Amino acid sequence: MAEVWRGDFLESLHHGTVYAARPGGETVLSIGDVDRPMYPRSSNKPIQALSMLRAGLDLDGELLALACASHSGESFHLDGVRRILEGAGLTTEALRCTAALPIGEDALRSYLADGGVPTPLTMNCSGKHAAMLATCVVNGWDTETYLDPEHPLQRSLRATLEDLAGEKVASTGVDGCGAPLFAVSCRGLAKAFATLATGEAGSLEHRVARAMNSHPEYVGGTGRDVTRLMRALPGSVAKDGAEGVYAVALPDGSAAVLKIADGSQRARPVVMMAALRRLGIDTKADETLDSMSTAPVLGHGKPVGAVRPAGRLR
């Protein structure tokens, strides 16, 4: 999938799976077993947000985008999480996500300088967990056990993923944040994202897509590639995930999903830009997208090589 060049020496390789399809499901790129189940990790969050809207959650705009987020832990992210909880009559004490530090570099430095310690609020999934709790309140569901796979909330999330992906969940695990994790294929996840990106105006699908693309800084954060990508591609829906997962859909229904086999994040944007080129996006015409088409390899703090697409992706 990607080659790591240090000078003129090929130092490392990243293998994986990538699938890209035009509107209607016409395959334009298929490398690896695109029908093999994998855990979407946080790339599943937009589908989870849709499920919560279907269950009666009343969020929109930046707060709905935050429900889809793996946020950097910047102050506006944390304030947004508090707002979601306050709207449901809850406090941060209700969060059951794993305590963690902010994942944004600047946010982390600032937080540590102020004496911050790992908390559920500063965990990157706290927006999703706040929305989960708010959904439980709307439906009168128990808020103490909302992470149980058999909780009504989690059964609803699973059903929505199966609906949009057009396939049954192959396995259930536990995500890094403590929430249940459902396995589907790259092809299925691409279909789900395409459904979000092409939702008719006024639909819940369109509501999720509009929130994410209108407020991409809430989905990721300052400098994050997922935020930069959605700003560069109006109407797009994009979500990164742990272990090298990335899903992007365009407003015409084109979609691409990838999984880097070794879980590395450095190859993820590089491979996605190559997939988008197969879908007709001129990444070289946009400074932001072009900058993500390769990733620098550093030596003594300076670029001495690059991570580049490999083989069929060139």
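Scroll up a little and you will see the structure.
These remarks concern the structure in this document. What you see is a predicted model; the values in this text were computed from it and never measured.

The next thing to look at is empty space enclosed by the protein. Counting across every chain of the model gives one cavity of 30 Å³ or more. Space inside the largest cavity adds up to approximately 40 Å³. Lining the largest cavity are Arg41, Asn44, Gln48, Lys128, Asp175, Pro180, Leu181 and Phe182. Here the lining of the largest cavity gets three residues from one element, more than from any other, and that element is strand 7 (residues 180–182). Partitioning the lining of the largest cavity into residue classes produces three nonpolar, two polar and three charged.

With that settled, the discussion passes to the sheet that holds strand 13 (residues 302–309). The four strands lie next to each other as 2-1-13-12, forming an open sheet whose pairing is antiparallel. Of all strands in the sheet, those bounded by a partner on one side alone are strand 2 (9–14) and strand 12 (295–299). Pairs of neighbouring strands in the sheet enclose a mean axial angle of 30°, with direction left out of account. Inspection of the sheet shows strand 1 (residues 2–6) paired to strand 13 by five bridges, in the antiparallel sense. The residue of strand 13 that forms the bridge with Val4 is Val307. Running at roughly 45° to strand 13, helix 11 (residues 268–278) makes contact with strand 1, strand 12 and strand 13 of the sheet.

The subject of this paragraph is the packing of aromatic side chains. In this description, an aromatic ring pair is defined by two values, namely the gap between the centres and the angle between the planes. Within this structure, the stated rule accounts for one aromatic pair. Measuring from ring centre to ring centre gives 5.0 Å for Phe76 and Tyr218, while their planes differ by 70°; the resulting arrangement is edge-to-face. With a gap of 142 residues between them, Phe76 in helix 3 (residues 75–87) and Tyr218 in helix 9 (residues 216–219) connect regions that are remote in the sequence. In this structure Phe76 comes out as partly exposed when scored by relative accessible area, which is 24%. A cation sits over an aromatic face here: Arg268 above Tyr246, 4.6 Å from the ring centre.

Quick notes on the rules
Residues take numbers from 1 onward in each chain, read along the sequence in its written order. Side-chain atom pairs in this predicted model are given and counted only at pLDDT of 80 or more, local residue features only at pLDDT of at least 70, and totals for whole chains, interfaces and linings cover all residues. Hydrogens and water molecules were not included; the side-chain quantities draw on all heavy atoms of the structure. Whether a set of points on the 1 Å grid over the protein atoms alone is a cavity depends on a 1.4 Å probe fitting there but being unable to get out, while an open set qualifies as a pocket with protein on both sides within 12 Å along at least five of seven lines; lining residues are those with an atom within 4 Å of a point. Grid points are joined across faces, edges and corners, and a volume is the space filled by probe spheres set on the points. In DSSP terms, a helix is any run of H or I states spanning at least four residues, a strand is any run of E spanning at least two, and both are numbered starting from the N terminus. Ten residue types, Ala, Val, Leu, Ile, Met, Phe, Trp, Tyr, Cys and Pro, are classed as nonpolar, four, Asp, Glu, Lys and Arg, as charged, and the remainder, Gly among them, as polar. Criterion used throughout: strands pair if DSSP finds at least two bridges between them. Lines fitted to the C-alpha atoms define the axes, with helices restricted to the stretch that makes contact. Angles between their N-to-C directions range from 0 to 180 degrees. By definition, residues are in contact when any of their heavy atoms lie within 4.5 Å. Classification of ring pairs uses Phe, Tyr and Trp, with its six-membered ring standing for Trp, and accepts pairs whose centres are within 6.5 Å; under 30 degrees between planes counts as stacked, over 60 as edge-to-face, and the remaining range as tilted. Partly exposed describes any residue whose relative accessible area lies between the buried limit of under 20% and the exposed limit of over 50%, with all areas from a 1.4 Å probe on protein chains only and scaled to the type maximum. For a Lys NZ or an Arg CZ to count as sitting over a ring, it must be within 6 Å of the ring centre and within 35 degrees of the ring normal.

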